[in-house]
Amino acid sequence: MRPAEWKEGAPADYRALARRLNQRIYETFWDEEAKLCHNLATGGGASQLGNALAILCGAVEGEEALGLCERLRTDKTLTEVSLSMLCFKYDAWLKVDRERYAPVILEDIRRIYAPMAEYGGTTVWETEAGASDFDNAGSLCHGWSAMPVYYYHILLGRADGSGQSDKATE
């Protein structure tokens, strides 16, 4: 459907297109035996990012999504997400089971970002390796890696992670 043909029913049309696209993604990339989405239609490797996106778009749902979330947490054969892409893994976990995965996300944030704070950093790094990454050209100041503030806010109600209310009335 071309934009000039869009009419009042466009939102319903988008939902129908999304369902068809998700079905096609599932048919093309889902491996029933491995219980995950491969990076390529021909098989091959699999990644945390590709599988998180499959959950977020709705191509993988229900029990399959729950099992996939566990794989995102434990399967070391999946290519890991970079710090800039952690939000997709975290959001997939929250979409599938917020109660189960909120503490997992908070612990993952502590594991990844505590070394930066312990090093004395006042900013967040581009990668967990810090300055030594990319032949000693790693950036020590990357805004995309500041997303822990967002997750502390939505999971604990406060940007500093203390869990204390920041409402002036309390």
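Just so it is clear, the structure is predicted and the values come from calculations on it, not from any experiment.

Conventions used here
- Residues numbered from 1 in each chain as written.
- Predicted model: local features only at pLDDT ≥ 70, side-chain atom pairs only at ≥ 80, totals over all residues.
- Heavy atoms only, no water.
- Helix = DSSP H or I, 4+ residues; strand = E, 2+ residues; numbered from the N terminus.
- Buried < 20%, exposed > 50% of the residue type's maximum accessible area, 1.4 Å probe, protein only.
- Contact = heavy atoms within 4.5 Å.
- Lys, Arg positive; Asp, Glu negative; His and termini not counted.
- Salt bridge = Lys/Arg side-chain N within 4 Å of Asp/Glu carboxyl O.
- Arc of directions from axis to C-beta.
- Axes fitted to C-alpha atoms, helices over the stretch in contact; angles between N-to-C directions.
- Parallel < 35°, antiparallel > 145°, perpendicular 65-115°, else oblique.
- Left-handed = near helix turned anticlockwise from the far one by under 90°.
- Nonpolar A, V, L, I, M, F, W, Y, C, P; charged D, E, K, R; others polar.
- Core = buried A, V, L, I, M, F, W, Y, C linked by side-chain atoms within 4.5 Å.
- Expected span 1.5 Å × (residues − 1).
- Bend = angle between axes of the 7 residues up to and from the residue.

### As for the side chain of Asn 51
Then step 1. Locating Asn 51 in the fold gives a position in helix α2 (residues 48-57).
Then step 2. A relative accessible area of 0% places Asn 51 in the buried class.
Then step 3. Ignoring anything within four residues of it in the chain, the contact list for Asn 51 reads Leu 36, Cys 37, Ala 46, Leu 68, Leu 72 and Leu 78.

### Some words on unusual backbone geometry
Then step 1. In the Ramachandran plot, Lys 35 falls in the positive-phi region, its phi being about 60° despite a non-glycine side chain.
Then step 2. In this structure, Lys 35 sits in the loop between β1 (30-31) and β2 (36-37).
Then step 3. Residue class for Lys 35 comes out partly exposed when judged on its relative accessible area of 38%.

### Examining the side chain of Lys 89
Then step 1. As for its position among the elements, Lys 89 is in helix α4 (residues 86-118).
Then step 2. No salt bridge forms around the buried Lys 89; measuring N to O, its nearest opposite-charge neighbour Asp 108 is 4.2 Å away.
Then step 3. With sequence-adjacent residues up to four places away left out, Lys 89 is seen in contact with Gln 48, Ala 52, Leu 72, Val 81 and Asp 108.

### Describing helix α6 (residues 148-156)
Then step 1. Of all the positions in α6, only Pro 148, Tyr 151, Tyr 152 and Leu 155 are classed as buried. End-on view of α6: buried residues confined to an arc of 100°, all on one side of the axis.
Then step 2. Those residues of α6 that are buried are in contact with α4.
Then step 3. Gly 157 sits one or two positions beyond α6 and adopts a positive phi of about 80°.

### A closer look at the packing of α2 against α4
Packed helices, taken two at a time, are described by the angle between their axes plus the distance between the axes.
Then step 1. Contact geometry of α2 with α4 gives a least axis separation of 9 Å together with a crossing angle of 40°. Taken together, α2 and α4 sit at an angle that is classed as oblique. Our pair here, α2 against α4, has a crossing hand that is left-handed. Listed contacts from α4 to Gln 48, Leu 49, Ala 52, Leu 53, Ile 55, Leu 56 and Cys 57 of α2 are Phe 88, Lys 89, Asp 91, Ala 92, Lys 95 and Val 96.
Then step 2. Grouping the constituent residues of the contact of α2 with α4 by class yields nine nonpolar, one polar and three charged.

### With respect to the pattern of salt bridges
One side chain can pair with another of opposite charge once the charged atoms of both are near each other.
Then step 1. Within this structure, the stated rule accounts for eight salt bridges.
Then step 2. Residue Glu 32 pairs with Lys 35 through a salt bridge whose shortest N-O separation is 2.2 Å.
Then step 3. Glu 70 is paired through a salt bridge with Arg 73; the nearest N and O atoms lie 3.0 Å apart. Of this pair, Glu 70 and Arg 73 both sit in helix α3 (residues 62-74), three residues apart, which is roughly one turn of that helix.
Then step 4. For Arg 73, a relative accessible area of 39% gives the class partly exposed.
Then step 5. Taken together, the salt bridges that share partners define one network made up of Glu 70, Arg 73, Asp 97 and Arg 100.

### Here we look at the nonpolar core
Then step 1. Of all hydrophobic cores here, the largest spans 34 residues; its most connected members are Ile 55, Val 60, Leu 86, Tyr 90, Ile 105 and Tyr 151.
Then step 2. For this core, the elements supplying multiple residues, two or more each, are β2, α2, α3, α4 and α6.
Then step 3. Broken down by element, the residue count for this core peaks at 14 residues, all from α4.
Then step 4. In this structure, Tyr 151 is in contact with Cys 87, Tyr 90, Asp 91, Leu 94, Ile 105, Ile 109 and Leu 156, ignoring residues within four places of it in sequence.

### Describing α4
Then step 1. Helix length check: α4 (33 residues) gives 21 Å between terminal C-alpha atoms against 48 Å at 1.5 Å per residue, more than 12% under.
Then step 2. Considering bend angle alone, the principal kink of α4 is centred on Asp 97 and spans about 140°.

Without other data, these values stay purely geometric and don't point to any function.
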